[in-house]
Number of protein chains: 2
Amino acid sequence: MQHPVPLDQRKQQILKAVVADYTRTGVPVGSASLAVHLATWSSATIRNELATLSEVGYLIQPHTSAGRVPSDLGYRYYVDFLMDEEDVPAAVRRQVDPFFAVLPSGVEDILEIAATALAHAADAVSLVTAPRALGVRVKHLDLVKLNDAQALLVLVLEGNLVRQQALNLTGPADQTVLSAIASGLNAVVVGLNAAGMSRLPASVGEHVALERDLLTQIIAFMTVCDAQQDTLILHDGVRNLLHQPEFGDVELLQQVIEVVEEERMLAALISAADLDHGIQIMIGRESGMAELSRCSLVLTTYRAGAERRGTIGVLGSTRMPYAQVGPRVRYVAQRVGRAVGRALS
Amino acid sequence: MQHPVPLDQRKQQILKAVVADYTRTGVPVGSASLAVHLATWSSATIRNELATLSEVGYLIQPHTSAGRVPSDLGYRYYVDFLMDEEDVPAAVRRQVDPFFAVLPSGVEDILEIAATALAHAADAVSLVTAPRALGVRVKHLDLVKLNDAQALLVLVLEGNLVRQQALNLTGPADQTVLSAIASGLNAVVVGLNAAGMSRLPASVGEHVALERDLLTQIIAFMTVCDAQQDTLILHDGVRNLLHQPEFGDVELLQQVIEVVEEERMLAALISAADLDHGIQIMIGRESGMAELSRCSLVLTTYRAGAERRGTIGVLGSTRMPYAQVGPRVRYVAQRVGRAVGRALS
DNA sequence: CTTAGCACTCAACCTCGACGAGTGCTAACG
DNA sequence: CGTTAGCACTCGTCGAGGTTGAGTGCTAAG
């Protein structure tokens, strides 16, 4: 990001007022209405300042005789230097908390609830990714016979994530044999991730060949699970976009909804996000996706335990109340982190 | 449904032509353009017929000097008596088939794929419910220790449906004890549904009290699973609504998307559907939901094995090409049935 | 019963002018 | 020299008025 053009005190106040007004009303704001809020200066003075703010690219005029609208850059300056984050109102807390009062034991179910809660709290489209670790660890596994050629692997991973997959049997094997192998593997495999499992010493049980073969398949499947976790994205609240006037244009709406339904595109975006510090805000074209040029993303991580983290955030119009949305996203993130942490037991 | 007003040959042909034209263009159709297709009669004659078709309620005039548009009743008559279903074009088959070429082993994953496939094939919002049986039967179960007070129940149900739930332990119990109980229960419980399990004789293992208690909780959870199956609805393809001119009105769009995102409302609707015969088409207000007054549902069942069936279908504009959509829904339903059947092993 | 002809209706579209919100510029003021 | 009142100017919005054309219903003739 290039160094922002520095602004004096008064220009900052005016820019802040423009963002506040426009965020509230959705209508380009003119010097007169600003002069009411900022009674210190006349509308003419403000007009001069607006002109220079437009010149340096922080404001845009839809047409000659219209008021000013913040540009992406303007929002960026606002977000970085001017914004006073608002506390999450009690009303919103009361709206969010019940979602986390009674929780299912599976992580994915919790995330689904989180998506709904955040969509309500932030009045935007919510996005949630599964918590990611360097390699998911196994908590328990089981083998169920399907037929002579196949067995069903049931993996219980950390966080009570349950995954199933059909495995090929090299030869016929009873359920009793499978159960024996499963309990044999359970003894050595618990707490390991894919990498750890591939370092496992030679077989332990009596059905050496079969067990070896199954273990190879299990490791392969776990690698797949790891990869899937990155791309799994839940979303909710598309309805919240519809009452925004800027999405009155159906063309635009269609592009945005297509991106949201096509989760792959979001996955790329989110994984590119730099979330080392608290919250990341991507404004308009900053996301790099043309379809989202009128949208902003507010993302943060939730932490469940020491090294497990997922991403949670919202997608909304660039004209969103950033001062409110940020804290709300963080609030929900904290709840999710706690809930997922508990599920990790 | 009240008895429909009978129509003579000519009126039928005209009604059919109106539906065909309107479905294609989305513009109210007038007598002149009909006279081109139905060269047998002059526009004046057709005009007379249109007037009587309007009187009996099969057609509607948006305003005095506009053409005619089919009413819900008109579509109903068309669908019941006039429609010639079209074969699913090879192009569509080629679009659908790849989705079912490589299949995951879990039923739910298959259904998700089905939803996407159908959304593409029918160019509408697809809806899919899980296959329902009178009571899902257990294939395998397992107990994993979470902490001193709780154990995680992992149920593998028919169709490789995996469900997990935390159970309360009346007293502390090792993983070894839990495994013993699990294998004891497995011996008697496999193939039973919730009802069957509650008729089970007194305990078999050595940890009588604990086992009894857990079994009660398991039965309760299975009942919940049964209930959940009815309400689980996957959907995809909201984007397909957006390029329909009738949803250019954002108000309307919002209502529809709200219903789709709020799955509960659809669940009620779908479970009310009468699917004894091949396919059910609900047109406009027939659904009873005001929000969907401009939408139609085309639903059918897919069968996986003898007594397992789920619902699959689409939600689109009332002005949808019923003659094409019906067969396509059936086509996908058949594929899904086969795929789920295979997953049931 | 069918159909040509015709008067009629009405949404869609265009144009035009009034309106007004908002601007940029200039000149006066402290 | 920064600030501000005043003013001419721009340009989108809104409503009135007029035109167009698709489509109708009715009538009378074939």
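Computed from a prediction, not measured in an experiment: that's the story for all the values here.

Asker: Go over the protein's contact with DNA strand C with me, naming the residues and quoting the values.
Answerer: Surveying the vicinity of DNA strand C reveals 20 residues, the closest of which are Gly30(A), Ser31(A), Ser65(A), Thr64(B) and Ser65(B). Put simply, the parts of the chain that give the surface near DNA strand C at least two residues each are helix 2 (31-37) and helix 3 (43-55) of chain A together with helix 3 (43-55) of chain B. Element by element, the count of residues in the surface near DNA strand C is highest for helix 3 of chain A, at four residues. Its residues assigned to classes, the surface near DNA strand C shows seven nonpolar, 11 polar and two charged.

Asker: Now, about unusual backbone geometry: what can you tell me, with residues and values included?
Answerer: Negative phi characterises most residues that are not glycine, and trans characterises most peptide bonds. Residues and elements named next belong to chain A. Non-glycine residue aspartate 123 carries a positive phi angle of around 50°. Its location among the elements puts aspartate 123 in the loop between helix 6 (107-122) and strand 3 (125-129). A tally of 22 C-beta atoms within 10 Å means that aspartate 123 is categorised as buried.

Asker: Residue-level account of the relation of the copies chain B and chain A, with values.
Answerer: Rotating chain B by 180° and moving it 0.1 Å along the rotation axis overlays it on chain A with an RMSD of 0.3 Å. Overall, the copies show the geometry of a two-fold rotation axis. The fraction of interface residues of chain B whose copies in chain A are also interface residues reaches 100%, indicating that both copies meet through the same surface.

Asker: Can you lay out the domain arrangement of chain A for me, pointing to particular residues and giving the numbers?
Answerer: All names here are of chain A. Per the domain assignment, the segments making up chain A are domain 1 (9-82), domain 2 (90-130 + 232-343) and domain 3 (138-230). If you average the C-alpha positions of domain 1 and of domain 2, the two centres end up 28 Å apart. With seven residues of domain 1 in contact, the opposing surface of domain 2 contributes 10 residues. Residue assignment for the side of domain 1 that touches domain 2 shows that the elements contributing at least two residues are helix 1 (9-25) and helix 4 (72-82).

Asker: Got a sec to walk through the protein's contact with DNA strand D? Specific residues and values, please.
Answerer: Surrounding DNA strand D, one finds 20 residues, the nearest of these being Thr45(A), Thr64(A), Ser65(A), Gly30(B) and Ser31(B). Contributions of two or more residues to the surface near DNA strand D are made by helix 3 of chain A together with helix 2 (31-37) and helix 3 of chain B. If one sorts the elements of the surface near DNA strand D by residue count, helix 3 of chain B sits on top with four residues.

Asker: Please give an account of the sheet that holds strand 4 (residues 138-145) of chain A that cites residues and values.
Answerer: Residue and element names in this part refer to chain A. The antiparallel open sheet is built from three strands, whose spatial order is 4-5-6. The two strands at the open ends of the sheet, each matched to only one other strand, are strand 4 and strand 6 (161-168). Strand-to-strand twist in this sheet, taken as the mean axis angle between neighbours without regard to direction, amounts to 20°. The sheet contact formed by strand 4 and strand 5 (residues 150-157) spans seven bridges and is antiparallel. Within strand 5, the position partnered with histidine 140 by the bridge is valine 156. Here helix 7 (residues 175-189) sits on the sheet in contact with strand 4 and strand 5, set at roughly 170° to strand 4.

Asker: Describe the packing of helix 6 of chain A against helix 13 (residues 322-343) of chain A, with residues and values.
Answerer: Residue and element names in this part refer to chain A. At a closest axis distance of 10 Å, the pairing of helix 6 and helix 13 adopts a crossing angle of 165°. With respect to helix 13, the element helix 6 is oriented roughly antiparallel. Crossing geometry of helix 6 relative to helix 13 is assigned as right-handed. Here Val107, Ile110, Ala114, Ala117, Leu118, Ala121 and Ala122 of helix 6 lie close against helix 13, whose contacting residues are Val325, Arg328, Val329, Val332, Val336, Ala339, Val340 and Ala343. Across the contact of helix 6 with helix 13, the residue classes break down as 14 nonpolar, no polar and one charged.

Asker: I'd love a proper account of the packing of helix 1 of chain A against helix 4 of chain A, names of residues and values included.
Answerer: All names here are of chain A. As a packed pair, helix 1 and helix 4 sit with axes 10 Å apart at the nearest point and diverge in direction by 110°. With respect to their mutual orientation, helix 1 and helix 4 come out roughly perpendicular. Between helix 1 and helix 4 lies a crossing of left-handed hand. When helix 1 is examined against helix 4, the residues Gln12, Leu15, Lys16 and Val19 are found in contact with a partner set consisting of Gly74, Tyr75, Tyr77, Tyr78 and Leu82. Here the residues of the contact of helix 1 with helix 4 are counted per class, giving six nonpolar, two polar and one charged.

Asker: So, the interface of chain B and chain A: which residues are in play, and what are the values?
Answerer: Contact residues are listed per partner, giving 30 residues for chain B and 31 residues for chain A. Only strand 4 (138-145), strand 5 (150-157), strand 6 (161-168), helix 7 (175-189), helix 10 (239-242) and helix 11 (250-261) of chain B provide two or more residues apiece to the side of chain B that touches chain A. With six residues, helix 11 of chain B is the single largest residue contributor to the side of chain B that touches chain A. For the side of chain B that touches chain A, the class distribution of residues is 12 nonpolar, 13 polar and five charged.

Asker: Residues and numbers for the environment of Ala182(A), please.
Answerer: Residues and elements named next belong to chain A. Within the secondary structure layout, alanine 182 lies in helix 7. Classification of alanine 182 by C-beta neighbours within 10 Å gives buried; the count is 25. As for alanine 182 and leucine 153, which are separated by 29 residues in sequence, their C-alpha atoms are 9.3 Å apart. Residues within four places of alanine 182 in sequence aside, it is in contact with Leu141, Asp142 and Leu143.

Asker: I'd like to hear about the environment of Ala273(B), residue by residue, with values.
Answerer: Within the secondary structure layout, Ala273(B) lies in the loop between helix 12 (263-272) and strand 8 (279-283). When near neighbours in sequence (up to four residues on either side) are disregarded, Ala273(B) contacts Gln280(B), Leu299(B) and Thr311(B).

Asker: If you had to explain the pairing of strand 5 of chain A to someone new, which residues and values would you point to?
Answerer: All names here are of chain A. In terms of burial, strand 5 is largely enclosed, as seven of its eight residues are buried. Counted between consecutive antiparallel strands, the loop separating strand 4 from strand 5 contains four residues. Sheet topology note: the strand 5/strand 6 ladder contains eight bridges and is antiparallel. From the neighbouring strand, valine 156 faces strand 6, where its bridge partner is valine 162. The turn linking strand 5 back onto strand 6 is made up of three residues, and glycine 159 within it adopts a positive phi angle of 80°.

Asker: Any chance you could break down the environment of Ile181(A) for me, citing the residues and the numbers?
Answerer: Residue and element names in this part refer to chain A. When you line up the elements, isoleucine 181 lands in helix 7. Given 23 C-beta atoms within 10 Å, isoleucine 181 falls into the buried group. For the pair isoleucine 181 and arginine 163, spaced 18 residues apart in the sequence, the C-alpha separation amounts to 18 Å.

Asker: Describe in detail the sheet that holds strand 5 of chain B, supporting the description with residues and values.
Answerer: Residues and elements named next belong to chain B. Read across the open sheet, the three strands follow the order 4-5-6; overall the sheet is antiparallel. Edge strands, defined here as strands with exactly one partner in the open sheet, are strand 4 and strand 6. Ignoring strand direction, the axes of neighbouring strands in this sheet form an average angle of 20°. This element, helix 7, spans strand 4 and strand 5 of the sheet and lies at about 170° to strand 4.

Analysis parameters
- Residues numbered from 1 in each chain as written.
- Chains lettered and ligands numbered in written order.
- Predicted model: local features only at pLDDT ≥ 70, side-chain atom pairs only at ≥ 80, totals over all residues.
- Near = placed C-beta within 6 Å.
- Helix = DSSP H or I, 4+ residues; strand = E, 2+ residues; numbered from the N terminus.
- Nonpolar A, V, L, I, M, F, W, Y, C, P; charged D, E, K, R; others polar.
- Buried ≥ 20, exposed ≤ 12 C-beta atoms within 10 Å, placed from the backbone.
- Least-squares fit on C-alpha atoms with pLDDT ≥ 70 in both.
- Contact = placed C-beta atoms within 7 Å.
- Domains from an automatic or database assignment.
- Pairing = 2+ DSSP bridges.
- Axes fitted to C-alpha atoms, helices over the stretch in contact; angles between N-to-C directions.
- Parallel < 35°, antiparallel > 145°, perpendicular 65-115°, else oblique.
- Left-handed = near helix turned anticlockwise from the far one by under 90°.

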